[in-house]
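Letter by letter, the chains look like this.
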Amino acid sequence: MFDSKKIFALIALVLVAMFATTLIACAPEKPAVAQTAPTPVPAPTNTPAPAPTKLASRAVPTGIKATGNLVAATQATMAFPTAGRIKEIAVKEGDAVKKGALLIALDTSVLDFAVAQAQAGYDTAKASYDRVMAGPTQDEIAIAKSNLERAKAAVDQAQAAYDRIGGVTNPFISMTPQSLALQQATQTYQGALAQFNLTVNHPTTAERQTVEAQLALAKAALDLAKQNAANAKIFAPFDGTITWIGPRANESLAANAAAIMLADLSQMQVLVNVDEITLSGIRLGQKATITLDALADKTLTGKVRKIGLLATSTGNVASVPVTLDIDATDAVIYPGLTATVEFQ
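Each residue is numbered by its place in its chain's sequence as written, counting from 1. A pLDDT threshold of at least 70 governs which residues receive local features in this predicted model, and a stricter bar of 80 or more applies before side-chain atom pairs are shown or counted, although totals over entire chains, interfaces and linings include all residues. To get the side-chain values, all heavy atoms of the structure are used, and hydrogens and water are removed first.

## Some details on the overall build of the protein
And then number 1: When helices and strands are counted, the protein shows five helices and 13 strands.
And then number 2: Each residue gets one of three labels from its accessible area relative to the maximum for its type: buried under 20%, exposed over 50%, partly exposed in between, using a 1.4 Å probe on protein chains only. Across the 344 residues in the protein, those meeting the buried criterion constitute 27%.
And then number 3: Whether two residues are in contact is decided by their heavy atoms, any of which lying within 4.5 Å being enough. Restricting the contact set of the protein to residue pairs at least 6 apart, pairs at least 24 apart contribute 75%.
And then number 4: The method behind every accessible area is Shrake-Rupley, applied with a 1.4 Å probe, and residues are considered shielded solely by the protein chains displayed. Taken as a whole, the protein presents about 23,600 Å² of accessible surface, with 59% of it coming from carbon and sulfur. Elements are defined by DSSP. Helices are runs of H or I of four residues or more, strands are runs of E of two residues or more, and each kind is numbered from the N terminus.

## Things to note about the sheet that holds strand 2 (residues 84-89)
And then number 1: Here we have four strands laid out as an open sheet, ordered 5-4-2-7, and antiparallel in their pairing. Of all the strands in the sheet, just strand 5 (233-235) and strand 7 (252-253) have a single pairing partner and so form its edges.
And then number 2: With three bridges connecting them, strand 2 and strand 4 (residues 102-106) associate as antiparallel partners. Bridge pairing in strand 4 links Glu88 to Ala105. Whether two strands pair depends on DSSP finding at least two bridges between them.

## As for the nonpolar core
And then number 1: Nonpolar core, defined: a set of buried Ala, Val, Leu, Ile, Met, Phe, Trp, Tyr and Cys residues in which side-chain atoms within 4.5 Å join the residues together. By size, the foremost hydrophobic cluster in this structure holds 25 residues, and its most contacted members are Leu70, Val270, Val272, Leu292, Leu324, Ile333 and Phe343.
And then number 2: With five residues, the single largest contributor to this core is strand 8 (residues 258-275).
And then number 3: Non-local contacts of Ile333, meaning those with residues more than four positions away in its chain, are made with Leu70, Met268, Leu292, Leu295, Leu300 and Ile326.

## Points about helix 2 (residues 109-133)
And then number 1: In this scheme, a helix's expected span is set at 1.5 Å multiplied by one less than its residue total. With 25 residues, helix 2 should cover 36 Å at 1.5 Å per step; its first-to-last C-alpha distance of 36 Å lies within 8% of that length.
And then number 2: Taken together, the buried positions of helix 2 are Val115, Ala118, Tyr122, Ala125 and Ser128.
And then number 3: Contacts made by the buried residues of helix 2 are with helix 5 (205-230).
And then number 4: Remark: Gly135 follows helix 2 within two positions and exhibits a positive phi of approximately 80°.

## Looking at the environment of Gln195
And then number 1: By secondary structure assignment, the location of Gln195 is in helix 4 (residues 177-200).
And then number 2: Owing to a relative accessible area of 45%, Gln195 belongs among the partly exposed residues under this scheme.
And then number 3: Note: C-alpha distance between Gln195 and Leu148 (47 residues apart in sequence) is 8.3 Å.

## So, the pairing of strand 2
And then number 1: With two bridges joining them, strand 2 and strand 7 adopt antiparallel strand pairing. Of the residues in strand 7, the one forming a bridge with Gly84 is Leu253.

## Digging into helix 4
Quick reminder: α-helices carry 3.6 residues per turn. Residues three or four places apart thus point the same way.
And then number 1: Between its first and last C-alpha atoms helix 4 spans 35 Å; for 24 residues at 1.5 Å apiece the expected length is 34 Å, and the two agree.
And then number 2: Along helix 4, the positions that sit buried rather than exposed are Ser179, Leu182, Ala185, Ala192, Phe196 and Thr199.
And then number 3: As for helix 4, its buried residues are in contact with helix 3 (138-164).

Rendered as structure tokens:
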């Protein structure tokens, strides 16, 4: 007879084996991983780092040319500060004049009248000032003293009459004509005394300040009138040549409108504008050749006198003014002519 315990154990083993087989069959299959050889890493080398690239410096331009205009080293465009009618033109274009020479003048009829009026006002203020500052005259003091003495005598006389009727001891004194007369004489005396003190104590501080202010005001008015009259004439500020005259005689001219131009043609210059890139090739004292359309067969020479410090922009191009002195020449040149400058 079989042992029941062994049979149960055998059945259990069979069931466990079957369950394990089922789990293995149901498990997903893992894909095979291809085995690749490792990529070789190159050994480090001591290759030197490349040298930094040097920035090429900008080449200084050569053969620099620029176009500009002639100007006089000393020149002036003059105008009248006030409007007026041209009365006289004492020169003509091309005249050589000396410093201080009359060039052009306005009609000064109204201005001359204003000067005369201001002069009269000043003379009046000056006379008043002198009179006050001199103090009282001997006659004025004598008159004031005489009035004071007369007033004092009247007081003494009124006082005597007042005393004869009892004076302050008289209970009715205030109603008497003697009392009224004494009061009036006393008031007159006080007025005479004040006038005497005022006369001998002149001038007071207030009087001095008043006449000083009046005189200063009159002097300022006279100076202004004279300056206006002087401004109606233009004189040459230096030796030179008249290069331009605007108005004609008897024409009216507005205030500050250009009237006449004077230039010293003994020293001429060229003014050119040089762009900021080309400017690196320009230096003070640099020589240059100068050609003019007006002198097709002649070349002038010069050198850089001044390089401007303020650039201006036109069409996104910045430029700086450069001034050149023209060397002495017998060529007939004058302001405004076009010049081409080639820097050496």
